[in-house]
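Structure assessment
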Amino acid sequence: MPGLIRGVARTAVVAGTATAVSNRVSRRQAGRWAQQDAQAAAYQEPPPAAPYQSPPPAAAPSSTDDTIAQLQKLGALKEQGVLTEAEFAAQKAKILGT
């Protein structure tokens, strides 16, 4: 019986050691992969930003109805968030001729 217990104990020690070594190797590899991913991400360039395109210049209004329609379109663009307050003011000044 002592030989059986000794054999089981030895198997448990070997299995425990193998598990510990395997876990350590896995953690070390995961750390290396994380470093490689971080380095690769540091060298990647951010995607280029889309160039800003200003709205086309407004033509001189031919009548009051055209002026009102253009101002309404500008107001809608501002409400949608397409135009900022400064852009809205600049376009409105062009339409009104001021």
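In this text the structure is predicted, and so the values were computed from the model without any measurement. (Residues numbered from 1 in each chain as written. Predicted model: local features only at pLDDT ≥ 70, side-chain atom pairs only at ≥ 80, totals over all residues. Heavy atoms only, no water.)

Observations concerning helix 2 (residues 64–80)
For helix 2, with 17 residues, the first-to-last C-alpha span of 24 Å sits near the 24 Å given by 1.5 Å per residue. Within helix 2, burial applies to Thr67, Leu74 and Gly75. Take helix 2 and look down its axis: the buried residues cluster within an arc of 100°, on one side only. Opposite the buried face of helix 2, by more than 90 degrees, sit the exposed residues Asp65, Gln72, Lys73, Glu79 and Gln80. For helix 2, the elements touching its buried residues are helix 3 (85–96). Gly81 lies just past helix 2 and shows a positive phi near 90°. (Helix = DSSP H or I, 4+ residues; strand = E, 2+ residues; numbered from the N terminus. Expected span 1.5 Å × (residues − 1). Buried < 20%, exposed > 50% of the residue type's maximum accessible area, 1.4 Å probe, protein only. Arc of directions from axis to C-beta. Contact = heavy atoms within 4.5 Å.)

A word on the packing of helix 2 against helix 3
Two quantities define a packed helix pair, namely the angle between the helix axes and the distance between the axes. Between helix 2 and helix 3, whose axes approach to 10 Å, the crossing angle comes to 175°. Compared by their axis directions, helix 2 and helix 3 come out roughly antiparallel. Only Glu85, Phe88, Gln91, Lys92, Ile95 and Leu96 of helix 3 make contact with helix 2, whose side of the interface consists of Thr67, Gln70, Leu71, Leu74, Gly75 and Lys78. (Axes fitted to C-alpha atoms, helices over the stretch in contact; angles between N-to-C directions. Parallel < 35°, antiparallel > 145°, perpendicular 65-115°, else oblique.)

Geometry only, nothing functional implied.
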